[in-house]
Amino acid sequence: MPLAITPEGEGSGSRKSRSRGRMRQTEFLESKATPALHRGSKQNWGGTSTAATFGMTTRSMERAQHQSSLSKSANGPAEGCSKRKRAKLAGISRRASSERSSKKGKRSQDRLERKAKKINRWGEEDDGSCSSVVSSPLREPYMPVLVERYPDGTQIRKPIDTATSNKYRDMQQYYYGKLARQMEMPTLIPDTPPNCLVNDPMLLHIREPSRKIVLRAAQFVVGISSSIDGEPLARCSGFWIDYDTEKRTGTVVTTAHLIRTERPSLDAWLCKDEYAPNAQVTVHLRGGTDAKAYLLYHQKHYDLAFFRVRMDSYIQEPYFSDEVTCAQDIFELGRDESADLVINHGRVEYSNPTVYERHHHMYIQGPHRDREYDKGGPVIDLHGKVVGMIDSCPAGSFIPSSILLKCFHLWRNFERIRRPHLGLKFSAISLLNPVQVEKILIEYKIDEGLIVEEVSTGSPAEKCGIRVGDVIERFNGKCISTAVELENMLLSILVDSGDGFDSYLDMEIQLYCTRRHLRRNKVLTVKVSEDGEFVARASCLVTSSSTPPSEPRLDEELYADYQEEMELRVRS
């Protein structure tokens, strides 16, 4: 016989009886809903769902589902489940159980960590390291002032108890520790290294556009350090030149002085520098990360070194410009020992090298300073393009990008950088003092060309009759006015030929012999090598029986030219 539902407020009886009636009603509704859940169907009474009609609670439904699952597992074969299906259900149950256990263990671990954080009151949880937690404001602690007043108006400061004093000391230690960490944020750094874009008033007219140019170029500037068996060797800068997307590796170029161990002589032409190719090299990227570098190749004449670095992220490659003009504004970039950007301004200066310097240098006019860290870094123009690489020998010089690009081409295509060795040192007439140029013009009727400063002993140039003070006007039919132009021409020969030369190369030169006032065309056979060019001044051992060297005898062809030149002078 079904139970009659009495509307609320009708009939008689105590509140206790009504409560028991509602409990029996709930049990009746659950007993009616359970078979429907067991059958897996939605029993509709009056067009509404079971839960809506009988007013089942969520807890009652969960209990009914749990009882249904238990009854299914207890019935076994009576429910029509096969052995394979029961095994599958048992496996799912075990996996669910293990997942619940792991989740429970993880929740326990998280609860312990949160408890530990609550215990550590002066820890780092307030520093805002987690993005979902707001950092607590920093407040400086201070000691309370307790004053006792007497009826006569006097006041006496009461002493602080030991517990408060200890707490003040702990809070003060926490305050200054957090303040120090806060001041390390890039937005709050109090002091930054001075640079020309901030401290040089002469750059006000280019300061704002130069900021953006320098920051864009800083993306390919890196710091590099080397060591041998844990002992620091050198530190300098460098820059990326390419990136292999398949292998995820980049190439860094810098000065070979990074791996130089000894420099016994200041004369680069003596080739006495020693290098350690097995030195450990580390590339210091911006942002404070480091990467190990592997030496691919180093060229002794131009002091270039190429390193391969593993990089998972994309690398910004530079743009180059091979046009450098005198008095052009440039910026020298590098990174110091903290990998912070080093910025210096200068102007391009055309000048002759000294007898100790190579021919591929151009110079930077500016205040004298120590280029300890930025050597090997790029030199950029006001458009952000690389126009050269800072060199450390001599100070205030750089290798122009016209030479760098040819070196990059030879290395990428032939895995070596070779050049012809002339065995000569030069100075350009066009870069001399105008007073001296006028004297040369009056005496020899020459205002352009390369003056021979030194001839290497036993070289083909010496055997060819070239002497100190002579002037070379043309190389392979081309007028050469500076030593940098000569270096570009020598490298262009190998670039255009595909580095197909053997060990020697024939070059045609137009020579003006200043001692005889003769102009001659000669074929000079020079050595092609990737080693540094050796040029040493001629010398001889003096003994008690030594005699001065005699003047070299002119051959018949040279003597005939000399006679013809003298006859023309007499007629004029």
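Refer to the structure printed above.
Keep in mind it's a predicted model, so treat the numbers as computed, not measured. (Residues numbered from 1 in each chain as written. Predicted model: local features only at pLDDT ≥ 70, side-chain atom pairs only at ≥ 80, totals over all residues. Heavy atoms only, no water.)

Student: Please clarify how the environment of P232 should be interpreted in this entry.
Tutor: Along the chain, P232 falls in strand β4 (residues 231-244). Residue class for P232 comes out exposed when judged on its relative accessible area of 71%. Measuring from C-alpha to C-alpha, the distance between P232 and A279 comes to 9.8 Å, with 47 residues separating the pair along the chain. (Helix = DSSP H or I, 4+ residues; strand = E, 2+ residues; numbered from the N terminus. Buried < 20%, exposed > 50% of the residue type's maximum accessible area, 1.4 Å probe, protein only.)

Student: Mind showing me how you'd approach the pattern of salt bridges here?
Tutor: Side chains that differ in sign of charge can pair as their charged atoms come close. This model, assessed by the stated rule, comprises eleven salt bridges. For R412, the salt bridge is made with D242, and the minimal N-O distance between the two is 3.9 Å. Of this pair, R412 sits in helix α8 (residues 401-414) while D242 sits in strand β4, placing them 170 residues apart in sequence. Under the relative-accessibility criterion, D242 is labelled buried at 18%. (Salt bridge = Lys/Arg side-chain N within 4 Å of Asp/Glu carboxyl O.)

Student: Can you walk me through the nonpolar core in this structure?
Tutor: Within the largest apolar cluster, 90 residues are counted, with the highest numbers of intra-cluster contacts made by F331, L422 and F475. The dominant element in this core, judged by the number of residues it contributes, is helix α11 (residues 483-497), at seven residues. Residue contacts for L422: discarding those within four places in its chain leaves A461, F475, L486, L490, M507, L524, V526 and E533. Core analysis: the next-biggest nonpolar cluster, separate from the first, contains eight residues, V437, I440, I451 and Y512 among them. (Core = buried A, V, L, I, M, F, W, Y, C linked by side-chain atoms within 4.5 Å. Contact = heavy atoms within 4.5 Å.)

Student: When you look at the sheet that holds strand β14 (residues 378-380) in this model, what are you seeing that I'm missing?
Tutor: Strand pairs in the sheet, formed through backbone hydrogen bonds, run parallel or antiparallel to each other. The sheet built from six strands closes into a barrel, its strands ordered β11-β12-β13-β16-β15-β14 with antiparallel pairing. Each neighbouring strand pair of the sheet contributes to a mean axis angle of 45 degrees, computed without reference to strand direction. Strand direction decides the pairing type here: strand β15 (residues 386-391) and strand β16 (residues 397-400), joined by four bridges, are antiparallel. Bridged to D391 within β16 is S397. Sitting on the sheet, helix α7 (residues 207-217) is in contact with β11 (329-335), β12 (341-349) and β14, with an inclination near 40 degrees to β11. (Pairing = 2+ DSSP bridges. Axes fitted to C-alpha atoms, helices over the stretch in contact; angles between N-to-C directions.)

Student: Can you walk me through the environment of E274 in this structure?
Tutor: Here E274 shows up in strand β7 (residues 274-275). Note: C-alpha distance between E274 and K300 (26 residues apart in sequence) is 9.6 Å. Apart from residues no more than four positions distant in its own chain, E274 is found in contact with I259, R260, T261 and E262.

Student: Honestly, helix α5 (residues 162-182) in this entry has me stumped. Any pointers?
Tutor: Since there are 3.6 residues in each turn of an α-helix, residues three or four apart along the chain are aligned in direction. Taking 1.5 Å of rise per residue, 21 residues should cover 30 Å, and α5 covers 30 Å from first to last C-alpha, within 8% of that figure. Of the positions making up α5, those classed as buried are Y174, Y175 and K178. Viewed end-on, α5 has its buried residues packed into an arc of 105 degrees, placing them on one side of the element. In α5, the exposed positions that point more than 90 degrees away from the buried face belong to T162 and Q173. Here α5 starts with a cap whose side-chain oxygen sits 3.4 Å from the backbone nitrogen of A163, and that cap is D161. (Expected span 1.5 Å × (residues − 1). Arc of directions from axis to C-beta. Polar contact = N/O pair within 3.5 Å; in protein donor to acceptor, adjacent residues only side chain to side chain.)

Student: Would you explain the packing of aromatic side chains in this entry?
Tutor: How two aromatic rings sit relative to each other is set out by the distance from centre to centre and by the angle between their planes. Under the definition given, this model contains eight aromatic pairs. Aromatic side chains Y243 and Y314 sit 6.1 Å apart centroid to centroid with 85 degrees between the ring planes, which places their arrangement in the edge-to-face category. Pair noted here: Y243 is in strand β4 and Y314 is in the loop between β10 (304-310) and β11, with a separation of 71 residues, a long-range link. The interplanar angle of 75 degrees and the centroid separation of 5.9 Å between the aromatic rings of F306 and F408 together place this pair among those described as edge-to-face. Pair noted here: F306 is in strand β10 and F408 is in helix α8, with a separation of 102 residues, a long-range link. (Phe/Tyr/Trp six-rings, centres within 6.5 Å; stacked < 30°, edge-to-face > 60°.)

Student: Is there a simple way to explain the pairing of strand β23 (residues 518-529) in this structure?
Tutor: Regular strands have side chains that alternate between both faces of the sheet. Pairing analysis gives three bridges linking strand β17 (residues 419-421) to β23, with the strands arranged antiparallel. Bridge pairing in β23 links H421 to K527. In terms of strand pairing, strand β22 (residues 504-513) meets β23 through ten bridges, oriented antiparallel. Bridging from a neighbouring strand, I509 pairs with K522 of β23. The antiparallel pairing of β22 with β23 creates a hairpin that spans four residues between the two strands, and H517 there sits at a positive phi of about 55 degrees.

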